[in-house]
Amino acid sequence: MKFSYISTALLVTAAAVSAASIVGEQTAFKPDELRLVETEIGAQWITEADKLELKRAGKKFMDITETKDTPVSVVVNVTFPDKVQFADQTKNIVANLSTTTMEANLQNFTSFYTRYYKSKTGADSSKWLFDIVKNIAAVDPSIRVFPFHHTWPQTSLIAKIPGANAGTPADKTVVVGAHQDSMNLIFPAFFGAPGADDDGSGTVTILETFRVLVESGFKPNNTIEFHWYSAEEGGLLGSQAIFTEYARRQIQVAAMLQQDMTGFVKKTLDNGMPESLGVITDYVNPELTEFIKKVIDAYASIPYVETQCGYACSDHASAAKVGYPSAFVIESTFDNSNPYIHSTRDTIDRLSFEHMLEHAKLTLGFVYELAYAEF
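Here's what I pulled together on the structure shown here. Remember, it's a predicted structure, so these values are computed and weren't measured experimentally. All chains use their own residue numbering, which begins from 1 and follows the written sequence. In keeping with the predicted nature of the model, local features appear solely for residues at pLDDT of at least 70, side-chain atom pairs appear and are counted solely at 80 or more, and the whole-chain, interface and lining totals rest on all residues. Excluding hydrogens and water, the side-chain figures rest on all heavy atoms present in the structure.

## Considerations on the state of the cysteines
For clarity, the threshold we go by: For this text, the term disulfide refers to a pair of cysteine sulfurs within 2.5 Å. Exposure classes here rest on a 1.4 Å probe applied to the protein chains alone. A residue is buried below 20% of its type maximum, exposed above 50%, and partly exposed in between.
Considering all chains together, one arrives at one disulfide under this definition. Paired through a disulfide, Cys309 and Cys313 show a sulfur-sulfur distance of 1.9 Å. Assessed through its relative accessible area of 5%, Cys309 is described here as buried. Residue Cys313 is classed as buried on the basis of its relative accessible area, which comes to 10%.

## Topic: the pattern of salt bridges
The condition is simple: The term salt bridge refers to a pairing of a side-chain nitrogen on Lys or Arg with a carboxyl oxygen on Asp or Glu at a separation within 4 Å. Under the scheme used here, helices are H or I runs from DSSP no shorter than 4 residues and strands are E runs no shorter than 2 residues, and both carry numbers assigned from the N terminus.
Overall, the coordinates contain 22 salt bridges when judged by the stated rule. Lys321 is the salt-bridge partner of Glu38, the closest N and O atoms lying 3.3 Å from each other. Of the two residues, Glu38 sits in strand 1 (residues 34–39) while Lys321 sits in helix 10 (residues 316–321), which places them 283 residues apart along the sequence. The residue Arg211 makes a salt bridge to Glu208 at a minimum N-O spacing of 2.6 Å. Note that Arg211 and Glu208 are positioned in helix 6 (residues 196–215) at a spacing of three residues, about one turn of the helix. As far as burial versus exposure is concerned, Arg211 and Glu208 are alike and both buried. What you see here is one network of salt bridges that share partners, running through Glu33, Arg35, Glu48, Lys51, Asp63, Glu66 and Lys118.

## Description of the packing of helix 9 (residues 286–299) against helix 11 (residues 353–371)
The condition is simple: Lines fitted to C-alpha atoms define the axes, with helix axes restricted to the stretch in contact, and inter-axis angles between N-to-C directions lie between 0 and 180 degrees. Each crossing gets its handedness from the near helix: less than a right angle anticlockwise from the far helix is left-handed, clockwise is right-handed. What makes two residues a contact is simply this: any of their non-hydrogen atoms within 4.5 Å. The classification used treats Ala, Val, Leu, Ile, Met, Phe, Trp, Tyr, Cys and Pro as nonpolar, Asp, Glu, Lys and Arg as charged, and all other residues, Gly among them, as polar.
Axis separation between helix 9 and helix 11 bottoms out at 9 Å; the angle between their running directions is 115°. For the element pair helix 9 and helix 11, the recorded crossing hand is right-handed. Along its contact with helix 9, which presents Leu288, Phe291, Ile292, Val295, Ile296 and Tyr299, the element helix 11 presents Lys361, Leu362, Leu364, Gly365, Phe366, Glu369 and Leu370. Here the residues of the contact of helix 9 with helix 11 sort into ten nonpolar, one polar and two charged.

## A word on the nonpolar core
Going by this rule: Buried Ala, Val, Leu, Ile, Met, Phe, Trp, Tyr and Cys residues that are joined via side-chain atoms within 4.5 Å together make up what is termed a nonpolar core.
Judged by nonpolar contacts, the single largest core of 83 residues is most densely connected at Phe210, Phe226, Tyr324 and Phe366. At eleven residues, the largest contribution of residues to this core is made by helix 11. Look past the residues within four positions of Phe226 in its chain and what remains in contact with it is Leu157, Ile158, Ala159, Ile161, Val176, Ile206, Thr209, Phe210, Leu213 and Val367. Of all hydrophobic cores here, the second largest spans nine residues; its members include Leu52, Tyr117, Met183 and Leu185.

## Looking at the pairing of strand 6 (residues 173–179)
Our working rule: Think of it this way: DSSP has to see at least two bridges between two strands before they count as a pair. If you view a crossover with the strands going away from you and the path from the first strand over the helix to the second runs clockwise, you call it right-handed.
Of all seven residues that make up strand 6, seven are buried, and the element is covered over most of its length. By the bridge criterion, seven bridges tie strand 6 to strand 7 (residues 223–229) in an arrangement that is parallel. Looking across to strand 7, one finds that Ala178 is bridged to Trp228. Each parallel crossover has a hand, and the one from strand 6 via helix 6 to strand 7 is right-handed.

## Remarks on helix 4 (residues 99–109)
As a reminder of what qualifies: Comment: arc refers to directions from the helix axis out to C-beta atoms. We define a polar contact as two N or O atoms separated by no more than 3.5 Å, with the added condition that, inside protein, one atom must be a possible hydrogen donor and the other a possible acceptor, whereas residues neighbouring each other in sequence contribute only through side-chain atom pairs.
Every buried residue of helix 4 is accounted for by Met102, Asn105, Leu106 and Phe109. In a view along the axis of helix 4, the buried residues occupy a sector of 100°, so they form one face of it. Structurally, helix 4 contributes buried residues whose contacts are with helix 5 (120–137), helix 6 and helix 11. If you check the start of helix 4, you find a side-chain oxygen 3.2 Å away from the backbone N of Thr100, and it comes from Ser98.

## Overview of the layout of surface pockets
Stated formally: A pocket here means an open set of points on a 1 Å grid, computed over the protein atoms alone, that has protein on both sides within 12 Å along at least five of seven lines. A cavity is instead a set of points where a 1.4 Å probe fits but cannot get out; residues with an atom within 4 Å of a point line either one. Grid points are joined across faces, edges and corners, and a volume is the space filled by probe spheres set on the points.
As a volume, the second largest pocket reaches approximately 210 Å³. What lines the second largest pocket is a set of 15 residues, among which Lys160, Glu225, Tyr246, Arg249 and Ile251 lie closest to the centre. Elements with a contribution of two residues or more to the lining of the second largest pocket: strand 4 (144–148), strand 7 and helix 7 (237–248). By residue number, the principal contributor to the lining of the second largest pocket is strand 4, which donates three residues. For the lining of the second largest pocket, a count of residues per class yields six nonpolar, three polar and six charged.

As far as function goes, none of this settles anything; it's purely spatial.
This is how it looks when you write it as structure tokens:
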């Protein structure tokens, strides 16, 4: 989305006092702090202020300052199933996916003034999410739910469902991810960022999938992890930290699916196009992406459309960078995605929970099929 920043200074002055009282104590935004930023053409040192300008211009990047001194990679040799197997067996689980539950969770999640990763309310929203996930997992003591701490206030969150193959050479890990932070591009430390679609929608989509799987008594062969990343808006910082650590430990992640923005469909329909799931085809693993298309055909009620989003456009790029097969599905073609993100107008009333339900069906199918795959 294109913004006008001509009046930014006046707006900041007018809003700073009232917003600060809502947000609380912040980790200071330091405009002159140098960061090492990598785009598709290479890496360079720029300031935090320059980094914000890149985001305002719609330029994709990874902030590699935290990981530059620990370059790691992992080799994962996997073959994805040539067909889906469990669509019929999972119909009762799919039927338990609830738009009502997703809407209630998103109402709560967007009530935080901002989920900016350096803010107190960003940390508070992460704690709220942790409590929700922990409560869901409480029915199964084998499920681990834990925060992944960073050098900024907001934590990432991991929920791990151990597989029957855990601890054996056959064990592989399957990851579903979304990012929990939000950002207002006018001035992140002071202006509100409800982040309903970006990425509150993805957060509650995978949360709902997690809920119905746990409540079904799901016992996978391969280990399944649900990730909610901090600081995606800062340059994929949270997901980079996690996947760098996983690669350092040589954890065998066989597949990673990112769900970032799953709820906005109005622009697609206004442009006379059919409602569909946007399968990203650039900077992803092609074999995993082809498998995901099969999952959509079998589990979703709407078709997919191929689209592209560029270098480092979401957290799947962090997995790919260290060698893990990763993929990304968004709400539509990239051109028809939500134009209100990174502003106060990214609100829940603009979203379709029925569309988010289709993303949840895909997520469930992805997890269930790969939970029993022999890679």
